[in-house]
Amino acid sequence: MSDLSLFQHWSTLNAIDRVGDRMHAGLMSLATAQAGAMKKLGTQIEGGLFRIDQSIMEQSQQLSRIDGALGGLREDMNSGFIAISDQMSGLERRLDQIEEKVSKPEETRAWERFNRAATLLKKGYPADALENLKAAIENDGGLAFRHIPEFHLLLGQILIGDTKPRNPDLVDYDAAHCAFRQASLHLDGKKEAVALCRAGAAAFLDGDDDTAIDTYLDALKIPHDYQYTHFEIAKCYLNKKDGKRAEHHLCQAIDLDWSMVALVATDPFYQRNAAWATSLVESYRNFVVDKISPTVPALQHLATGPTKRNMMKMRERIKEVARGIDLSSLDRDLELNHQPSPSFGIYEYHYSQEYYDESKSYDYTEASRLNMQESLEALSRQDIGLLDINEILNRNNLVEALKGCIKFTKTSNETLGNDLRYFQNKSEPRQGKRSRYFATEATKQAKRRAKLDGDRPQGVFARVIGLKPVRSSQDLRELSISENERFSAVLADAMQSDVERYLKVWQRTEEIIEKADEGLSFLQLCRDGNVKFVRGAPVAALNSEVPAPG
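All values reported here derive from a predicted model rather than from experimental measurement.

### Remarks on the packing of aromatic side chains
Any aromatic ring pair is given by two values, namely how distant the centres are and how the planes are angled relative to each other. Applying the stated criterion across every chain yields a total of 12 aromatic pairs. Ring centres of Phe 204 and Phe 269 lie 5.7 Å apart, and the angle between their planes is 75 degrees; on these two criteria the pair is classed as edge-to-face. Placement of the pair is Phe 204 in helix 6 (residues 189–205) and Phe 269 in helix 11 (residues 268–272), with a sequence separation of 65 residues. In this structure Phe 204 comes out as buried when scored by relative accessible area, which is 7%. Phe 269 gets classed as buried once you look at its relative accessible area, which sits at 3%. In textbook terms, an aromatic cluster arises when at least three aromatic residues are bridged by ring pairs, as seen for Phe 204, Phe 231, Phe 269, Tyr 270 and Trp 276. Above the ring of Trp 506, the side-chain terminus of Arg 421 is found at 5.0 Å from the ring centroid. Note that Arg 486 overlies the ring of Phe 487, its terminal NZ or CZ placed 4.6 Å from the centroid.

Here it is, written out as structure tokens:
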């Protein structure tokens, strides 16, 4: 090839390289421009999406506000509709009342007169009130309104003299009795009983004891506060000099409510018959005191310390003997700890928090004991009255406190009795439980060996050299029980010198618990108003002349 051809070839290659460089530079420039454009476009798109998100959030908030406003509007509309409905119902009722009044003009006029009479009586014009009330009942010569109890109750109130000021000229006890009786015919339940009692009172004040008794007995057939009716019947029978029946009913009144004693002391009729009334109330009080007094020492012994101290002494003695037992013979796979016996007579379980005065610094247990002791000492006074007894029993819920005390002491004494009988003859109790003064269990090493090897058969080498097989978990449990029983038997032998004496103390405690239980039962009857007292009539007091009621 000539030199010219080589030069041309080299020139061509150079030209191709330059063209390639320019194309590469152009492509790079184009790529850079495209990347910039894409980045700008991406930024614009991101900005647009952000603005769309903002717009959506604003629209969502606006929709929430609209929804809240609509909810409030719905509630307002519901409230408005309910109010409108109530108003419409009220208007409907009012229209019904107007229609009824228009259809019954005479009854409407009678009610207007009744309301006028009630107003006049309240203002202190009983004569004018009576005139309007009679006009309301008599209905201007038409059909009398005898079926409306309110009319006759107010009429009876005026005629019996229960007005301010009292107008003696208007009092007519027989007419008052009839008015209250008439009212009771159109009443029921307690209201009927009250109307009958007022009718009975009117007959009593009129001196008609038989009618009063019949009326009161009718009232007793209806549930109400019976004590007041019995209280009034007793007056009628006493007025007839029938002391036995008078005593029966007055005792029933006091049975139901001991506060009737205070009414006996202040009632004018019973004051005029003070000898009879005082004798009865005193006999009732003596009956209650004679029931309570013999049981108070047992309650005091059980609830305020001595019973607990006796139990604690026996428990500490048993623990002392148990700790002195030689434990060297205990199997090597077991360990034994002394168990505390049951805690007898823990006062925190016996008294309510109301017994504790937090402003004072003394111990809660001691405060409880002292308050209990104070209440029981008050009950033991021979001059105590029925109202005093009632106040003491309801103070800080004394009956419930005693009930808890007796319950826990019974349980503790039952366990103690089972312990002592076991010590005596080494036989398990037929019922209840006894204390466990020893806690026997496997050692940690024995438990570990039982877990690893206790359930596997013994190897040949171990049998050849005479090793004992490793005990299983079941073996350890059975061994623990048998060893516990063995040491309990040793403890029983060691306690022989004390058992007889302790059994006598235990038996005495059983008697105290029985007596305290008897006292608690009666105290509960007193608190609940279920005491029933009957005695012979005090004839000597009845021989005196009984004045007429006034």
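### Let's talk about helix 13 (residues 296–303)
All of the buried residues along helix 13 are Val 296, Ala 298, Leu 299, Leu 302 and Ala 303. Burial along helix 13 is one-sided: seen end-on, the buried residues are contained in an arc of 160 degrees. Just downstream of helix 13 lies Gly 305, where phi reads positive at about 145 degrees.

### Some thoughts on helix 16 (residues 386–394)
For helix 16, every residue scored as buried is listed here: Leu 386, Ile 389, Ile 392 and Leu 393. One side of helix 16 carries all its buried residues, which in axial view fall inside an arc of 125 degrees.

### Focus: the packing of helix 7 (residues 209–219) against helix 8 (residues 226–239)
For any two helices packed against each other, one specifies the crossing angle of their axes together with the interaxial distance. Interhelical geometry of helix 7 versus helix 8 gives an angle of 155 degrees and a closest axis separation of 9 Å. One element, helix 7, and the other, helix 8, form an angle in the roughly antiparallel class. Remark: the crossing between helix 7 and helix 8 carries left-handed chirality. The residues of helix 8 that touch helix 7, namely those facing Asp 209, Ala 212, Ile 213, Tyr 216, Leu 217 and Ala 219, are Thr 229, Glu 232, Ile 233, Cys 236, Tyr 237 and Asn 239. For the contact of helix 7 with helix 8, the per-class residue count stands at 8 nonpolar, 2 polar and 2 charged.

### Focus on a nonpolar patch on the surface
On the surface, Leu 63, Ile 66, Leu 70, Leu 73, Met 77, Phe 81, Ile 84 and Met 88 cluster together to form a nonpolar patch covering roughly 800 Å² of accessible area. With respect to the helices and strands, Phe 81 occurs in helix 1 (residues 3–103).

### A closer look at the pattern of salt bridges
Enumeration over the complete set of coordinates arrives at 25 salt bridges. Two residues, Arg 245 and Asp 242, come together in a salt bridge whose shortest N-O distance is 2.7 Å. In this structure Asp 242 comes out as buried when scored by relative accessible area, which is 19%. Its salt-bridge partner being Arg 317, residue Asp 498 comes within 3.0 Å of it at the nearest N-O pair. Within this pair, whereas Asp 498 is found in helix 21 (residues 496–528), its partner Arg 317 is found in helix 14 (residues 306–323), the two being separated by 181 residues in sequence. Owing to a relative accessible area of 7%, Asp 498 belongs among the buried residues under this scheme.

### Here we look at the side chain of Thr 509
By the element assignment, Thr 509 lies in helix 21. If we skip the residues at most four places from it in the chain, Thr 509 touches Thr 307, Met 311 and Asn 413.

### What to know about the layout of surface pockets
The space that makes up the largest pocket amounts to roughly 270 Å³. Of all the elements in the fold, those that place two or more residues in the lining of the largest pocket are helix 6 and helix 8. The residue makeup of the lining of the largest pocket, split by class, is 8 nonpolar, 2 polar and 4 charged.

### Remarks on the confidence of the model for the chain
Looking at the chain as a whole, its pLDDT mean stands at 80, while 84% of the residues score no less than 70. Here residues 342–364 is modelled with pLDDT under 50, and outside its nearest four sequence neighbours on either side it reaches 52 contacts, counting other chains as well. Every residue in residues 536–550 is under pLDDT 50, and counting partners more than four places away or in other chains gives 29 contacts.

### Quick notes on the packing of helix 9 (residues 243–256) against helix 12 (residues 274–292)
One way to put it is that helix 9 packs onto helix 12 with a least axis distance of 11 Å and a crossing angle of 50 degrees. Comparing the axis directions of helix 9 and helix 12 gives the class oblique. Two packed elements cross with a definite hand, and for helix 9 against helix 12 that hand is right-handed. Here helix 9 contributes Gly 243, Ala 246, Glu 247, Leu 250, Cys 251, Ile 254 and Asp 255 to the contact with helix 12, which in turn contributes Trp 276, Leu 280, Val 281 and Tyr 284. For the contact of helix 9 with helix 12, the per-class residue count stands at 8 nonpolar, 1 polar and 2 charged.

Quick notes on the rules
Residues numbered from 1 in each chain as written. Predicted model: local features only at pLDDT ≥ 70, side-chain atom pairs only at ≥ 80, totals over all residues. Heavy atoms only, no water. Phe/Tyr/Trp six-rings, centres within 6.5 Å; stacked < 30°, edge-to-face > 60°. Helix = DSSP H or I, 4+ residues; strand = E, 2+ residues; numbered from the N terminus. Buried < 20%, exposed > 50% of the residue type's maximum accessible area, 1.4 Å probe, protein only. Lys NZ or Arg CZ within 6 Å of the ring centre and 35° of its normal. Arc of directions from axis to C-beta. Axes fitted to C-alpha atoms, helices over the stretch in contact; angles between N-to-C directions. Parallel < 35°, antiparallel > 145°, perpendicular 65-115°, else oblique. Left-handed = near helix turned anticlockwise from the far one by under 90°. Contact = heavy atoms within 4.5 Å. Nonpolar A, V, L, I, M, F, W, Y, C, P; charged D, E, K, R; others polar. Patch = residues over 30% accessible without salt bridge, like charges linked within 9 Å, V, L, I, M, F, W, Y side chains within 5 Å. Areas by Shrake-Rupley, 256 points an atom, 1.4 Å probe, with all protein chains shown as cover. Salt bridge = Lys/Arg side-chain N within 4 Å of Asp/Glu carboxyl O. 1 Å grid on protein atoms, 1.4 Å probe; cavity = no way out; pocket = protein on both sides within 12 Å on 5 of 7 lines; lining within 4 Å. Points joined across faces, edges and corners; volume = space filled by probe spheres on them. pLDDT = per-residue confidence, 0-100.

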